[in-house]
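Residues per chain, in single letters:
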Amino acid sequence: MDLTQRLAGKVAVITGGASGIGLATGRRLRAEGATIVVGDIDPASGEAAAEELDGLFVAVDVSDQDAVDHLFDTAAATFGSVDIAFNNAGISPPEDDLIETTELPAWQRVQDINLKSVYLSCRAALRHMVPAGKGSIINTASFVAVMGSATSQISYTASKGGVLAMSRELGVQYARQGIRVNALCPGPVNTPLLQELFAKDPERAARRLVHIPLGRFAEPEELAAAVAFLASDDSSFITGSTFLVDGGISSAYVTPL
């Protein structure tokens, strides 16, 4: 498709930018004119992504404050600004399951990567956006932030609820400083993370799929399109939102046969 250059001149920092939703979003934002800074823990795929996107790779452990500060400071120092922050890095390990079987180390690791990282990334981005008086922050939450699931990953669910609440509050807090903050809430997305999870348990996968009115999982590119919208001035009156891209899951009581 022919894309507009609505993000021309913008600098976008993407955590978890080397794969899945992050990489798809990097491709979309680049196609719309943005300069991409890929933050990821994996140097090999991170370098490859940055090369493909004609951008910059910065290695980052998103649970480490100094590393996160370095990511955003490097983006600003290299390209002159941080206009878009897509705080997207997250994990969903098998050790995170039902509450009675999820031990504290697994709980804490998911909180660190999924929630603490968004706090650190928002702080780092805001240090550059506030003086500039502009910016768009998109934090990856999940549809499980607004719904309960009996096939639980308890720490993941709690972490995404935290991301949603924090994004809402920041959206309100910084609205009059020219900075918008929104929570992207994807339904299940066809990424390596999900494929690995469901390959181990086809029954669990089928049980989830039946609840999606559209009858399929999302493709990463569909989430990337939503991020591009939230990053752009086309969404200039949208902040503090629970931006659901969930195939209708959160609206459904009974789905079509």
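These remarks concern the structure in this document. (Residues numbered from 1 in each chain as written. Predicted model: local features only at pLDDT ≥ 70, side-chain atom pairs only at ≥ 80, totals over all residues. Heavy atoms only, no water.)

1. Quick notes on the packing of aromatic side chains
Okay, so step 1: For the structure on display, the rule yields one aromatic pair.
Okay, so step 2: The interplanar angle of 40° and the centroid separation of 5.9 Å between the aromatic rings of Phe229 and Phe243 together place this pair among those described as tilted. Of this pair, Phe229 sits in helix 8 (residues 220–231) while Phe243 sits in strand 7 (residues 242–245); the two residues are 14 residues apart in sequence, bridging distant segments of the chain.
Okay, so step 3: Looking at Phe229, the relative accessible area reads 25%, which means it is partly exposed. (Phe/Tyr/Trp six-rings, centres within 6.5 Å; stacked < 30°, edge-to-face > 60°. Helix = DSSP H or I, 4+ residues; strand = E, 2+ residues; numbered from the N terminus. Buried < 20%, exposed > 50% of the residue type's maximum accessible area, 1.4 Å probe, protein only.)

2. Regarding the environment of Ala75
Okay, so step 1: By secondary structure assignment, the location of Ala75 is in helix 3 (residues 65–79).
Okay, so step 2: For Ala75, a relative accessible area of 0% puts it in the buried group.
Okay, so step 3: Along the chain, Ala75 and Thr242 lie 167 residues apart, while their C-alpha atoms are 27 Å from each other.
Okay, so step 4: In contact with Ala75, other than residues within four places in its own chain, are Val13, Val37, Gly80, Ser81 and Val82. (Contact = heavy atoms within 4.5 Å.)

3. Some details on the environment of Asp96
Okay, so step 1: Looking at the secondary structure, you find Asp96 in the loop between strand 4 (84–87) and helix 4 (104–132).
Okay, so step 2: By relative accessible area, which is 2% here, Asp96 ends up buried.
Okay, so step 3: The residues contacting Asp96, other than those within four sequence positions of it, are Thr102, Val110, Ser152, Gln153, Ile154, Ser155 and Tyr156.
Okay, so step 4: Among the polar contacts listed, one links the side chain of Asp96 to the backbone nitrogen of Ile154, at a separation of 3.2 Å. (Polar contact = N/O pair within 3.5 Å; in protein donor to acceptor, adjacent residues only side chain to side chain.)

4. Considerations on the pairing of strand 5 (residues 135–140)
Every regular strand shows the same layout, with side chains that alternate between the two sheet faces.
Okay, so step 1: For strand 5, the tally of buried residues reaches six of six residues, placing the bulk of the element in the interior.
Okay, so step 2: Both faces of strand 5 are covered, namely the face carrying Gly135, Ile137 and Asn139 and the face carrying Ser136, Ile138 and Thr140.
Okay, so step 3: In this sheet, strand 5 lies alongside strand 4 in parallel orientation, the contact comprising four bridges. Note that in strand 5 the partner of Ile84 across the bridge is Ser136.
Okay, so step 4: In terms of handedness, the path from strand 4 via helix 4 over to strand 5 forms a crossover that is right-handed. (Pairing = 2+ DSSP bridges. Right-handed = clockwise from strand over helix to strand, strands pointing away.)

5. Here we look at the nonpolar core
Okay, so step 1: Counting residues in each nonpolar core, the largest one holds 45 residues, and the members touching the most others are Phe72 and Ile137.
Okay, so step 2: Sorting elements by how many residues they give to this core places helix 4 first, with nine residues.
Okay, so step 3: For Ile137, the contacting residues outside a window of four places in its chain are Ala85, Asn87, Cys122, Ala125, Leu126, Met129, Ile179, Arg180, Val181 and Asn182.
Okay, so step 4: Leu7, Val38, Leu53 and Ala226 belong to the second largest nonpolar core, which has 26 residues in total. (Core = buried A, V, L, I, M, F, W, Y, C linked by side-chain atoms within 4.5 Å.)

6. A closer look at the side chain of Ser167
Okay, so step 1: Structurally, Ser167 can be placed in helix 5 (residues 154–173).
Okay, so step 2: Classification of Ser167 by relative accessible area gives buried; the value is 1%.
Okay, so step 3: Ignoring sequence-local partners within four residues, the contact set of Ser167 consists of Asn139, Val181, Asn182, Ala183 and Gly240.

7. Examining the sheet that holds strand 5
Okay, so step 1: Taken in spatial order, the seven strands make up an open sheet running 3-2-1-4-5-6-7, and their pairing is parallel. Strand pairing shows two members of the sheet lacking a second neighbour, strand 3 (56–59) and strand 7, which therefore form its edges. With strand direction ignored, the average angle separating the axes of adjacent strands in the sheet is 20°.
Okay, so step 2: Of the strands in this sheet, strand 1 (11–15), strand 2 (35–40), strand 3 and strand 4 touch helix 3, which is tilted by about 155° from strand 3. (Axes fitted to C-alpha atoms, helices over the stretch in contact; angles between N-to-C directions.)

8. Some points on the pattern of salt bridges
Here the idea is simple: oppositely charged side chains can pair when their charged atoms come close.
Okay, so step 1: Applying the stated criterion across every chain yields a total of eight salt bridges.
Okay, so step 2: For Asp234, the salt bridge goes to Arg6, with nearest N and O atoms at 2.7 Å. Of this pair, Asp234 sits in the loop between helix 8 and strand 7 while Arg6 sits in the segment before strand 1; the two residues are 228 residues apart in sequence, bridging distant segments of the chain.
Okay, so step 3: The class for Asp234 is exposed, based on a relative accessible area of 54%.
Okay, so step 4: Three or more residues are tied together by salt bridges with common partners; here these are Arg6, Arg28, Glu32 and Asp234. (Salt bridge = Lys/Arg side-chain N within 4 Å of Asp/Glu carboxyl O.)

9. Some thoughts on the pairing of strand 6 (residues 179–186)
Okay, so step 1: Within strand 6, eight of the eight residues are buried, which leaves it mostly tucked inside the rest of the structure.
Okay, so step 2: Neither face of strand 6 is exposed, since Ile179, Val181, Ala183 and Cys185 on one face and Arg180, Asn182, Leu184 and Pro186 on the opposite face are all buried.
Okay, so step 3: Pairing geometry for strand 5 and strand 6, over six bridges, is parallel. By the bridge assignment, Ser136 is partnered in strand 6 with Arg180.
Okay, so step 4: Of the pairings in the sheet, the one linking strand 6 to strand 7 comprises four bridges and is parallel in character. The partner of Cys185 across the bridge, within strand 7, is Leu244.

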